[in-house]
Amino acid sequence: MNELNLKDKVAVITGGAGIICSTLARSLAAQGVKTVILDLNRDAAHDVAKNIEKEFHVQSLGISANVLGKVSLEEAKREVNSKFGTIDILVNGAGGNSPSATTKVEKMLGTEDENLEETFFGLQIEGFDKVFDLNFKGTLIPSMVFATDLVRKKSGVIINISSMNSYRPLTKIAAYSASKAAVNNFTQWLAVHFSKTGVRVNAIAPGFLLTNQNRFLLIDENTGELTARGKKIINGTPMERYCVPEELTGTLIYLVSDLSKFVTGVVIPVDGGFSAYSGV
Ligand code: NAD
């Protein structure tokens, strides 16, 4: 018996054109899964799908849709169902942070002449909403749209992509931290809600990768060197390096396959020990 039981399954990967999720999609295709690369960026989604078909000789479909637009997702679902049939796996990977939801300073000084614009008080509500919505509602709404297939089939898996911020917030990025904590909470909530339907819901919390969403915080654009924050992350990671996307794929395959049949409602850190380390 093939205990992974993944061949010919259909997976929708949101944010599938991004750095992490294109790698996750490739790892599913390598197991014979038909992948749907759903992304706001149409050209990048089509490119990733085309390359997957070329490399793995398994069907892959690039679709442009917005994870915050229910109608856009429903249209995407109709296209997926007509081309690939019903889906078995949903990976909620679209997400990210933005400078407009990031404070300039880590901690307030508490002095009389402190520039409040650089602190919590300078956060833009619109920026906060944008980041919170993308990560949280961008997980909630696709689950609502695509999981109807899973519940009707009485089988299937949802994987949410969380973050180290979900356990303990990182300085400066209040909206991103709150949104990923909400993703963990929602993972548990939906796992319980679906527990009798045959549908499992779990999450992966990656450690730190250098990607487009965090490069502005971790690499000095003038020198190309790690910023002080970038170095702090290395110091806080017992394995003393950044994660690469390929290191997330083993956990993904475990969670989407029959290897984890009795596992639901968990958030697995893949972090080189970051979440275990007190720094001392
Ligand atoms: P990325 O920017 O490379 O990929 C994100 C993708 O999501 C992009 O292709 C983008 O076009 C797409 N996207 C953005 N908004 C969208 C929308 N409204 N609808 C549909 N698609 C949309 O980022 P990444 O670093 O690969 O991040 C992927 C996931 O991993 C995110 O959820 C992120 O929060 C999480 N994560 C990243 C890190 C890291 O260190 N990079 C760490 C932990 C978790």
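Below you will find a few notes about this structure. Residue numbers run consecutively from 1 along every chain, following the written order of its sequence. Local features in a predicted model are, by the rule used here, given only for residues with pLDDT of at least 70; side-chain atom pairs are given and counted only at 80 or more, and totals for whole chains, interfaces and linings are based on all residues. For side-chain calculations, the full set of non-hydrogen atoms in the structure is used, while hydrogens and water are omitted.

1. What about the pairing of strand S4 (residues 89-92)?
- Residue burial is assigned from relative accessible area. The probe radius is 1.4 Å, only protein chains are included, and a residue is buried under 20% of its type maximum, exposed over 50%, and partly exposed in between. Helix and strand assignments follow DSSP, with helices taken as H or I runs no shorter than four residues and strands as E runs no shorter than two, numbered in order from the N terminus. The alternating pattern of S4 places Ile89 and Val91 and Leu90 and Asn92 on opposite faces, both of which are buried.
- Sheet analysis places strand S1 (residues 10-14) next to S4, joined by 4 bridges and oriented parallel. By the bridge assignment, Ala11 is partnered in S4 with Ile89.
- At least two bridges found by DSSP between two strands is the condition for calling them paired. When S4 meets strand S5 (residues 156-161), the two strands line up parallel, connected through 4 bridges. Bridge pairing in S5 links Asn92 to Asn160.
- Handedness of the crossover joining S4 and S5 through helix H4 (residues 125-153): right-handed. Handedness is read with the strands pointing away from the viewer; a crossover is right-handed when the path from the first strand over the helix to the second is clockwise.

2. Section: the sheet that holds S5
- Read across the open sheet, the 7 strands follow the order S3-S2-S1-S4-S5-S6-S7; overall the sheet is parallel. Two strands in the sheet have a free side with no partner beyond their single neighbour: strand S3 (60-64) and strand S7 (267-270). Taking each pair of neighbouring strands and ignoring which way they run, the sheet shows an average axis angle of 20°.
- Whether two residues touch is decided by their heavy atoms; if any such pair falls within 4.5 Å, the residues are in contact. Whenever a helix is involved, its axis is fitted only over the stretch in contact; in every case the axis is a line through C-alpha atoms, and angles between N-to-C directions fall within 0 to 180 degrees. Sitting on the sheet, helix H3 (residues 70-84) is in contact with S1, strand S2 (34-39) and S3, with an inclination near 160° to S3.

3. A word on the packing of aromatic side chains
- Two rings belonging to Phe, Tyr or Trp (six-membered ring only in the last case) form a pair when the distance between their centres is within 6.5 Å. Interplanar angles under 30 degrees mark stacking, angles over 60 mark edge-to-face geometry, and anything in between is tilted. The final tally for this structure, using the stated rule, is 4 aromatic pairs.
- Between Phe120 and Phe121, the aromatic rings sit 5.2 Å apart at their centres with planes inclined by 65°, giving edge-to-face as the arrangement.
- Between Phe136 and Phe186 the ring centres are 5.8 Å apart and the planes differ by 85°, which places this aromatic pair in the edge-to-face class. In this pair, Phe136 is assigned in helix H4 and Phe186 in helix H5 (residues 174-193), connecting sequence segments 50 residues apart.
- Using a relative accessible area of 18% as the deciding quantity, one classes Phe136 as buried.
- Aromatic ring contacts, followed pair by pair, group Phe132, Phe136 and Phe186 into a single cluster.

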